[in-house]
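Okay, here's what each chain looks like letter by letter:
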There are 2 protein chains.
Amino acid sequence: MDTTEILIKIRKIVRSINLESKKIEKEYGVSIPQVLCLHYLRDSVNFQAGQGEIRKFLNLNASTTSGIINRLETKGLVARLPKSGDRRVVTIALTSKGDTLMTNMPSLLHEKLEEKLGKQEDQAILEVQNSLELLVNILGIDELEAFPVIPEGE
Amino acid sequence: MDTTEILIKIRKIVRSINLESKKIEKEYGVSIPQVLCLHYLRDSVNFQAGQGEIRKFLNLNASTTSGIINRLETKGLVARLPKSGDRRVVTIALTSKGDTLMTNMPSLLHEKLEEKLGKQEDQAILEVQNSLELLVNILGIDELEAFPVIPEGE
DNA sequence: TCTATATAGTTTCTACAGGAACTATTTAAA
DNA sequence: TTTAAATAGTTCCTGTAGAAACTATATAGA
């Protein structure tokens with residue numbers, strides 16, 4: 001049985017996402033994780049959210065999230081604000097510059113996938129979802145299962 | 001339609017592979033890409049191969065491959081040898097230390113997946129493969145399609 | 001109150017990953 | 001033969017990713 005093939009395909013998918021990310025970064029100055037972060041802020045109340053909230057949404061490590069926010073901050077797309085009440089919490093706020101960028105950024109991988117996947121039969125889409133679910137379960141992502149998927153992705 | 005969910009699942013799979021890789025690295029001192037590299041050498045003639053050959057098999061950038069080999073070399077698991085004939089080519093050779101490590105390294109993600117996937121119905125496995133294939137095609141990994149998959153993975 | 005302990009983030013370190021620029025060698029062409 | 005182009009690798013730079021160690025703040029318990 002060819003699990004090697006499956007692993008190679010997963011590696012290919014990963015790689016294509018990375019390549020797309022670098023392409024987007026070159027064109028717009030922001031990578032996919034950065035875009036996802038800005039995207040989340042745009043959907044948040046007052047365009048603001050705590051680092052932890054973002055971290056949970058992106059399903060990333062705190063240090064990774066910190067780095068992403070650092071790069072966004074350097075570009076002026078995001079600002080770190082103090083939170084009254086709990087001074088441990090750093091509120092991340094979308095700047096108008098960040099908002100403008102998001103407005104002008106067209107079709108990401110996300111939307112490309114959406115478009116192309118839309119052309120597939122419903123049955124095929126269901127199979128893709130089931131297959132990925134199976135892989136997720138098989139690979140044993142138990143500790144992560146709890147993370148709250150905020151479905152307000154789009 | 002929920003492509004967001006699909007992307008999140010792919011990210012989860014990627015993440016679980018990374019986590020597994022770090023776990024393996026902590027336990028055995030070598031990561032999955034490094035193991036794949038050693039694995040390839042073990043299946044090569046005289047336990048040797050050119051960097052380019054490895055690069056094509058792993059489907060990675062030259063600089064990335066260079067880094068992986070560097071780390072393996074530092075650990076003494078691999079050695080860089082000159083190739084008579086073409087002095088641009090660097091032959092990568094598995095050392096006995098590397099060979100021994102591979103002999104003693106049990107059940108990788110690879111084999112875990114194999115084991116767990118073996119318990120699934122053939123139909124499910126087929127669906128997984130088809131789904132990944134579909135995603136690979138949708139994500140447009142055209143330039144990479146040509147890379148020669150040596151099926152001697154196991 | 002004083003002390004755990006838990007929580008929120010940051011910093012440092014390491015690995016993977018790719019692009020760009022570079023060196024060195026080989027091959028093709030003029 | 002000398003130049004031009006292709007090929008094989010390396011080095012440098014940046015980004016993603018996580019673990020470990022750390023700071024600072026908040027909360028619970030004695």
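Note that the coordinates shown come from a computational prediction; the quantities given were computed from them, not determined experimentally. (Residues numbered from 1 in each chain as written. Chains lettered and ligands numbered in written order. Predicted model: local features only at pLDDT ≥ 70, side-chain atom pairs only at ≥ 80, totals over all residues. Heavy atoms only, no water.)

Caption draft 1: Region of the structure containing the overall build of chain A. In terms of regular secondary structure, chain A is built from seven helices and three strands. Counted from the first residue to the last, chain A has its helices and strands arranged as α-α-β-α-α-β-β-α-α-α. Taken over 154 residues, chain A has a buried fraction of 45%. Relative to all contacts within chain A whose residues are 6 or more apart in sequence, the contacts with residues 24 or more apart total 53%. Approximately 8,400 Å² of chain A is accessible, and the part contributed by carbon and sulfur atoms is 52%. (Helix = DSSP H or I, 4+ residues; strand = E, 2+ residues; numbered from the N terminus. Buried < 20%, exposed > 50% of the residue type's maximum accessible area, 1.4 Å probe, protein only. Contact = heavy atoms within 4.5 Å. Areas by Shrake-Rupley, 256 points an atom, 1.4 Å probe, with all protein chains shown as cover.)

Caption draft 2: Quick look at the confidence of the model for chain A. When pLDDT is averaged across chain A, the result is 80; 81% of the residues are at 70 or more. Low confidence marks residues 141-154 of chain A, where pLDDT is under 50. Its contacts with residues over four positions away, or in another chain, come to 27 contacts. (pLDDT = per-residue confidence, 0-100.)

Caption draft 3: Local environment of the protein's contact with DNA strand C. Inspection of the region around DNA strand C gives 29 residues, with Arg15, Ser66 and Arg80 of chain A together with Ser31 and Arg71 of chain B positioned closest. One of the side-chain nitrogen or oxygen atoms of Lys22 of chain A is found 3.2 Å away from a base nitrogen of DNA strand C. Ser63 of chain B places a polar side-chain atom, nitrogen or oxygen, 3.0 Å from a base oxygen of DNA strand C. Top element by residues in the surface near DNA strand C is helix α1 (residues 3-28) of chain A. It accounts for five residues. (Near = heavy atom within 4 Å. Polar contact = N/O pair within 3.5 Å; in protein donor to acceptor, adjacent residues only side chain to side chain.)

Caption draft 4: Region of the structure containing helix α5 (residues 96-104) of chain B. All names here are of chain B. Those residues of α5 that fall on the buried side of the exposure criterion are Gly98, Leu101 and Met102. Across the axial projection of α5, the buried residues extend over an arc of 95°, all falling on one side. Those residues of α5 that are exposed and aimed more than 90 degrees away from the buried face are Ser96, Lys97, Thr103 and Asn104. (Arc of directions from axis to C-beta.)

Caption draft 5: Local environment of unusual backbone geometry. Residue and element names in this part refer to chain A. One non-glycine residue, Phe47, lies in positive phi territory at about 60°. Here Phe47 lies in the loop between α2 (32-42) and β1 (48-50). Of the residues examined, Phe47 reaches a relative accessible area of 40% and is grouped as partly exposed. At Asn59, a residue that is not glycine, the phi angle is positive and equals roughly 60°. Summarising the element assignment, Asn59 is placed in the loop between α3 (51-58) and α4 (62-74).

Caption draft 6: Summary view of the pattern of salt bridges. Residues and elements named next belong to chain B. Across all of its chains, the model carries six salt bridges over all chains by this definition. The closest approach of N and O atoms between Asp99 and Arg42, which form a salt bridge, is 2.8 Å. Of this pair, Asp99 sits in helix α5 while Arg42 sits in helix α2 (residues 32-42), and the two are 57 residues apart along the sequence. Residue Glu73 pairs with Arg80 through a salt bridge whose shortest N-O separation is 3.1 Å. Exposure remark for Glu73: the relative accessible area of 32% places this residue in the partly exposed category. (Salt bridge = Lys/Arg side-chain N within 4 Å of Asp/Glu carboxyl O.)

Caption draft 7: Local environment of the protein's contact with DNA strand D. The immediate surroundings of DNA strand D are formed by 29 residues, with Ser31 and Arg71 of chain A together with Arg15, Ser66 and Arg80 of chain B found nearest. In the interface set of DNA strand D, defined as its atoms within 4 Å of the protein, sugar plus phosphate atoms amount to 74%. Within the contact set of DNA strand D, a base oxygen lies 2.9 Å away from a side-chain nitrogen or oxygen of Arg88 of chain B. Elements with a minimum of two residues in the surface near DNA strand D: α2 and α4 of chain A together with α1 (3-28), α3 (51-58) and α4 (62-74) of chain B. Here the surface near DNA strand D takes five residues from α1 of chain B, the largest share from any one element.

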